[in-house]
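Chain residues, written in single-letter form:
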Amino acid sequence: MTAVDGFATFLTPTLGAGGIVVMVVLMVIRGALVPRSTVDLVVQDKDRQIEVWRTLAEGRQEMIGLQQAQLDLLMGTAVTTERVLDAVSEAARANREGSGRALAQTPDE
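Residues numbered from 1 in each chain as written. Predicted model: local features only at pLDDT ≥ 70, side-chain atom pairs only at ≥ 80, totals over all residues. Heavy atoms only, no water.

This next bit is on the overall build of the chain. Counting its secondary structure elements, the chain contains two helices and zero strands. Looking at the chain as a whole, 3% of its 109 residues are labelled buried. Counting only carbon and sulfur atoms, one obtains 64% of the accessible surface of the chain, whose full area is about 9600 Å². (Helix = DSSP H or I, 4+ residues; strand = E, 2+ residues; numbered from the N terminus. Buried < 20%, exposed > 50% of the residue type's maximum accessible area, 1.4 Å probe, protein only. Areas by Shrake-Rupley, 256 points an atom, 1.4 Å probe, with all protein chains shown as cover.)

This is the structure we're talking about:
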């Protein structure tokens, strides 16, 4: 005896056959009882949605990886630029102070 059989056996003396039919109709109307085909369609739709979101997430991860690689390259360039600017600034300061570490001057000067 399954749980459904036990449930039907319990309700039949309490509600009677007509009561069970009315209860099933009310359950269908309220949405508590739906056909298996409807459940299958809903599950298939949810599976499709999950697959779409999974594909989008994978694409997003690839894009994040590309952006990170680009940022790494840009940071390398920024560090180099910062060092060059600091060296030029230091050399210009030394040139103004006449400390012997002057910038190379062109032959015209």
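Helical geometry: 3.6 residues make up each α-helical turn, so side chains three or four residues apart lie on a common side. The end-to-end C-alpha distance of helix α2 (residues 36-97), which contains 62 residues, comes to 89 Å, matching closely the 92 Å that a straight helix rising 1.5 Å per residue would cover. Phi turns positive, to about 70°, at G98, one or two residues after α2. (Expected span 1.5 Å × (residues − 1).)

On to the pattern of salt bridges, then. Applying the stated rule across the entire model yields three salt bridges. A salt bridge links D40 to R36; the nearest nitrogen and oxygen atoms lie 3.5 Å apart. In this pair, D40 and R36 both sit in helix α2, four residues apart, roughly one turn of the helix. Judged by relative accessible area, which is 63%, R36 ranks as exposed. (Salt bridge = Lys/Arg side-chain N within 4 Å of Asp/Glu carboxyl O.)

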